[in-house]
Amino acid sequence: METSGGSRTSAQHLPTREYSVAPGADVPGPGGAEGPCDLVTVPARQGLEAVDILRRGGAPVVGPVLHDGSCDTLGFLVPPGTAAGWDMPGSACTETSGRGIRIPGASAEAPVGPASEPSPAGPDWLLPPGDADRVPLTDPVMLREALGEAARMIEAADSI
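Predicted model only: the values in this text are computed from it and were never measured.

Visitor: Tell me about the overall build of the chain, residues and numbers included.
Guide: From N to C terminus, the chain includes two helices and five strands. Listing each helix as α and each strand as β along the chain from the N terminus yields β-α-β-β-β-β-α. Expressed as a percentage of its 160 residues, the buried residues of the chain come to 42%. Long-range contacts, defined here as pairs at least 24 residues apart, represent 82% of the contacts in the chain between residues at least 6 apart. Surface summary for the chain: the accessible area is close to 8,400 Å², and the carbon and sulfur share equals 55%.

Visitor: Tell me about the sheet that holds strand β3 (residues 73-78), and please be specific about residues and values.
Guide: With respect to topology, five strands assemble into an open sheet ordered β4-β1-β3-β2-β5, the strand pairing being antiparallel. Among the strands making up the open sheet, the edge pair consists of β4 (92-94) and β5 (124-127). Ignoring strand direction, the axes of neighbouring strands in this sheet form an average angle of 30°. Of the strand pairs in this sheet, strand β1 (residues 38-43) and β4 are connected by three bridges, and their pairing is antiparallel. Looking at the pairing, Val40 lines up with Cys93 of β4.

Visitor: Explain helix α1 (residues 44-56) residue by residue, including any values.
Guide: Helix length check: α1, at 13 residues, gives a terminal C-alpha distance of 18 Å against a target of 18 Å (1.5 Å per residue), a fit within 8%. For α1, every residue scored as buried is listed here: Ala44, Gln46, Gly47, Ala50, Val51, Ile53 and Leu54. Of the residues one or two after α1, Gly58 is the one with positive phi, at around 95°.

So, how was this worked out
- Residues numbered from 1 in each chain as written.
- Predicted model: local features only at pLDDT ≥ 70, side-chain atom pairs only at ≥ 80, totals over all residues.
- Heavy atoms only, no water.
- Helix = DSSP H or I, 4+ residues; strand = E, 2+ residues; numbered from the N terminus.
- Buried < 20%, exposed > 50% of the residue type's maximum accessible area, 1.4 Å probe, protein only.
- Contact = heavy atoms within 4.5 Å.
- Areas by Shrake-Rupley, 256 points an atom, 1.4 Å probe, with all protein chains shown as cover.
- Pairing = 2+ DSSP bridges.
- Axes fitted to C-alpha atoms, helices over the stretch in contact; angles between N-to-C directions.
- Expected span 1.5 Å × (residues − 1).

Dropping the structure here:
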């Protein structure tokens, strides 16, 4: 969607529950990166804002999050089946066909440095799986709402 400033945003896209999780899709237990999941990728700036929004809510609603080696994008692990109905502009959702996501060098056991230190080897965890204070996967409905709010915040900040 074009805005008056010429930027692209998904700020006016309304989240809908019917496109969040495929019927009958089960959320795997702890260690969501080890079980089946889909991956929602977004630009890093919007993703970081969304992580902050989700974490401010008080309840643990954000699951594992990956950042790419150049820190251009963030990837949120979401329940399997999410990709079938994901239609949020400015983001992509990749189906993993139940194989889970296993990324060399990105493991819960291997601590990573601050997000400001990009990994030259490729993606790594911003929020690793298996932390006791987080849910195994991010709820797609909550993620849509946070991404929409983040897009509006970024648009407002850029127009100042």
